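# Structural characterization, general
Residue-level listing of the chains:
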Amino acid sequence: MTLETLKPKVTEIVKHPDLTTRLKMQGVCDLLQSSIGYYDWVGFYMAHATEPTLHLWSQAGEPTDHTVIPFGKGICGQVAVSNQNFVVDDVHAQDNYIACSIHVKSEVVIPLFKDGKNIGQIDIDSNTAKAFSQEDEKFLEWVNEQVATIL
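Description of the structure in this document. (Residues numbered from 1 in each chain as written. Predicted model: local features only at pLDDT ≥ 70, side-chain atom pairs only at ≥ 80, totals over all residues. Heavy atoms only, no water.)

### Things to note about the overall build of the protein chain
Here is the rule we go by: What counts as a helix is a DSSP run of H or I of at least four residues, what counts as a strand is a run of E of at least two, and both are numbered from the N terminus. Throughout, radius of gyration means the C-alpha value; the globule benchmark is 2.2 Å times the number of residues raised to the power 0.38. We call two residues in contact whenever any of their non-hydrogen atoms come within 4.5 Å of each other. All accessible areas in this document rest on Shrake-Rupley with a 1.4 Å probe, and a residue is counted as covered only by the protein chains that are shown. Counted as positive: Lys and Arg. Counted as negative: Asp and Glu, with His and the chain ends omitted from the count. By convention, the point assigned to a charge is CZ for Arg, NZ for Lys, CD for Glu and CG for Asp.
For the protein chain, the helix and strand inventory stands at 4 helices and 6 strands. The linear arrangement of helices and strands in the protein chain, starting from the amino end, is α-α-β-β-β-α-β-β-β-α. At 14 Å, the protein chain has a C-alpha radius of gyration in line with the 15 Å of a compact globule built from 151 residues. By principal-axis analysis of the C-alpha atoms, the protein chain measures approximately 45 × 40 × 25 Å. For the protein chain, the proportion of contacts with a sequence separation of at least 24, taken over those separated by at least 6, is 50%. Counting only carbon and sulfur atoms, one obtains 51% of the accessible surface of the protein chain, whose full area is about 7,600 Å². Charge separation in the protein chain, taken as the distance between the mean sites of 11 positive and 20 negative side-chain charges, equals 5 Å.

So this is what it looks like as structure tokens:
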């Protein structure tokens, strides 16, 4: 399945009238993780309203102990501060990497903006080195735009 063919399915989940926001976000995680072979772990981390921390709202893949991440720590924490996409071809080459699994080789984190403010992010881990392309970045930016409409 290609990234483009997933767009209608993402839209369907986000617009589903009978699902809560969290269930919609879980549905997006489940869809991406099960549909894209190299998306081994997919999660949404959302910024706390008053503290400089990210909190895991939904995820698909192996469970993680990293449910709260301080701003600045790890790839996710860096994106919370920089407001920029972060593609990591080799997580072992990153000094500030938080290991979620010994199998993870690459990661992409895309900030999620609402009304111009970085309120969270989508985080994807891959057990494949150099897994993520510009196409993935653009697709995940689009996914975040859709999710922002329900937040």
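### Looking at the pairing of strand β5 (residues 106-114)
Condition: Relative accessibility under 20% of the residue-type maximum defines a buried residue, over 50% an exposed one, and the middle range a partly exposed one, all with a 1.4 Å probe and only protein chains included. Note on pairing: DSSP must find at least two bridges between two strands before they are called paired.
Buried residues dominate β5, accounting for 7 of its 9 residues. Note: strand β4 (residues 86-88) against β5, 3 bridges, orientation antiparallel. Looking at the pairing, V87 lines up with V108 of β5. Here β5 runs beside strand β6 (residues 117-126); their pairing, made up of 9 bridges, is antiparallel. Residue pairing across strands places I110 opposite I122, the latter belonging to β6.

### Some thoughts on the pattern of salt bridges
To keep things clear, this is the line we draw: Basic side-chain nitrogens of Lys or Arg form a salt bridge, by our definition, when they fall within 4 Å of a carboxyl oxygen of Asp or Glu.
Under the definition given, this model contains 2 salt bridges. The residue K7 makes a salt bridge to E4 at a minimum N-O spacing of 3.2 Å. On the criterion of helical spacing, the pair formed by K7 and E4 is a turn pair, its members being 3 residues apart in helix α1 (residues 3-14). By relative accessible area, which is 21% here, K7 ends up partly exposed. When the shortest N-O distance is used, the salt bridge between K138 and E141 registers 3.8 Å. Linking K138 with E141, this pair stays in helix α4 (residues 134-148), spanning 3 residues, or about one helical turn. Exposure remark for K138: the relative accessible area of 54% places this residue in the exposed category. Its relative accessible area of 24% is what places E141 among the partly exposed residues.

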